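So you can see what is in the structure, the chains are spelled out below.
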Amino acid sequence: MAEFPKLRLRRLRKSNLRKIFREVRLGPENLIVPVFVDENLKERKPIESMPGYFRLPVDDAVREVEGCLDLGLESFILFGVPSHKDEFGTSAHDRDGVIQRTVRKIKAEFPDAVVITDVCLCEYTTHGHCGVVSGEEILNDDTLPILGRIAVSHAEAGADIVAPSGMMDGMVGAIRKALDSAGFETVPIMSYAAKYASGFYSPFREAAESGYRFGDRKGYQMDIHNAREALREIELDIKEGADVIMVKPALPYLDIIRMAKDRFNVPLAAYNVSGEYSMIKAAIEKGWLNGDVIYEILVAIKRAGADLIITYHAKEMAEKLQ
Ligand code: PBG
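Rules of the game
Residues numbered from 1 in each chain as written. Predicted model: local features only at pLDDT ≥ 70, side-chain atom pairs only at ≥ 80, totals over all residues. Heavy atoms only, no water. Axes fitted to C-alpha atoms, helices over the stretch in contact; angles between N-to-C directions. Helix = DSSP H or I, 4+ residues; strand = E, 2+ residues; numbered from the N terminus. Parallel < 35°, antiparallel > 145°, perpendicular 65-115°, else oblique. Left-handed = near helix turned anticlockwise from the far one by under 90°. Contact = heavy atoms within 4.5 Å. Nonpolar A, V, L, I, M, F, W, Y, C, P; charged D, E, K, R; others polar. Disulfide = S-S within 2.5 Å. Buried < 20%, exposed > 50% of the residue type's maximum accessible area, 1.4 Å probe, protein only. 1 Å grid on protein atoms, 1.4 Å probe; cavity = no way out; pocket = protein on both sides within 12 Å on 5 of 7 lines; lining within 4 Å. Points joined across faces, edges and corners; volume = space filled by probe spheres on them. Near = heavy atom within 4 Å. Polar contact = N/O pair within 3.5 Å; in protein donor to acceptor, adjacent residues only side chain to side chain. Areas by Shrake-Rupley, 256 points an atom, 1.4 Å probe, with all protein chains shown as cover. Patch = residues over 30% accessible without salt bridge, like charges linked within 9 Å, V, L, I, M, F, W, Y side chains within 5 Å. Salt bridge = Lys/Arg side-chain N within 4 Å of Asp/Glu carboxyl O.

1. Describing the packing of helix 7 (residues 228-240) against helix 8 (residues 254-263)
Thought 1: The contact between helix 7 and helix 8 brings their axes to 10 Å, and the two run at 45 degrees. One element, helix 7, and the other, helix 8, form an angle in the oblique class. Judged by the sense of rotation from one axis to the other, the crossing of helix 7 with helix 8 is right-handed. Contact with helix 7, carried on its side by Ala230, Leu231 and Ile234, involves Ile256, Met259, Ala260 and Arg263 of helix 8 and no other residues of that element.
Thought 2: Partitioning the contact of helix 7 with helix 8 into residue classes produces six nonpolar, no polar and one charged.

2. A short note on the state of the cysteines
Thought 1: Summed over all chains, the structure comprises zero disulfides.
Thought 2: Cys120 takes part in no disulfide bond, and the closest cysteine sulfur, belonging to Cys130, lies 3.6 Å away.
Thought 3: With relative accessibility at 2%, the residue Cys120 sits in the buried group.
Thought 4: On the basis of relative accessibility, which here comes to 1%, the residue Cys130 falls in the buried class.

3. Some words on the layout of surface pockets
Thought 1: Computed from the structure, the largest pocket encloses a volume of approximately 280 Å³.
Thought 2: Taken together, 17 residues line the largest pocket, and the ones lying closest to its centre are Gly52, Tyr53, Phe54, Glu64 and Lys315.
Thought 3: When contributions to the lining of the largest pocket are tallied by element, the ones reaching two or more residues are strand 1 (31-38), strand 3 (54-56), helix 9 (274-285) and helix 11 (314-321).
Thought 4: Across the lining of the largest pocket, the residue classes break down as ten nonpolar, one polar and six charged.

4. Describing the site of the ligand
Thought 1: Looking at the ligand, there are 18 residues lining it, with Lys195, Arg205, Lys248, Ser274 and Tyr312 nearest.
Thought 2: Gln221 places a polar side-chain atom, nitrogen or oxygen, 2.8 Å from an oxygen atom of the ligand.
Thought 3: Note that a nitrogen atom of the ligand is positioned 3.4 Å from one of the side-chain N or O atoms of Lys248.
Thought 4: Notes on the ligand: free accessible area 400 Å², of which the protein chains cover 100%.

5. Overview of a nonpolar patch on the surface
Thought 1: On the surface, a cluster of nonpolar side chains totalling about 310 Å² of accessible area is made up of Leu12, Ile20 and Phe21.
Thought 2: Summarising the element assignment, Leu12 is placed in the segment before helix 1 (15-18).

The structure is reproduced here in structure tokens:
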């Protein structure tokens, strides 16, 4: 093997050569835009903890999708803030619920937009947990049929992909079964398969009004210390019928993304979560970091193995990529 001075790696780093030797590429088609739709609002409302991000009324969400499509962004994940919450999260599967209405409107105007819906209870329950509760216990099996109903209601509204995020055991299988028996055999499931009990979700809880009244989510979301367990979670979800798997958060879990990529031949999404967004935005606002780090972060997540990245930076990134 050649050595210096015969070998010079800098030869391929000249400004016009560098570009053609890139190992990964980031384009707007790799990014999924999170959209918060709040049916209590008449006009868009800034989310304090997520500078530059808003909760939107239904019609504004449709306009937001239009603006993103113009930038080359093709897919969206919708989160709903309902006007009515109860113990069982019934508004999550209401035919005229906030998500169902939004999906219908988006698909009517933009049939080619890829609409993904988050399937979970936490935004719709008074206690804010991702499952139904008994006392302070989050009940796994009692939650499954409700998740099935939510997924079917989203599919009926026209969702292209449903994305269960509640980390209940058996949720993918239950949703697959519910979708199939309702005639939605062709609607894919993107499972939040390896979702950690992370401190990086706190801005989201303001954004989606999904903070919990008691306890925490450690009884269902994964322990941050575990990597092998993530592979078990993913393997199980694939067996239950997941078409796309997800690792969440992204940046502190690049090792998990890489392991999942090496191990499974299933499309892999990574969720660059709210806290990851807010800390970068805060540092940029202060002048401590340059905005170029956003590109660097998203490239890193892709290089780690993600095919798709859900990110609040999607719009500004797509603008810069143009
Ligand atoms: C709901 C859900 C959460 C996120 C996505 N879906 C919050 C949570 O689990 O507490 C977090 C997303 C983010 O922080 O950007 N189950």
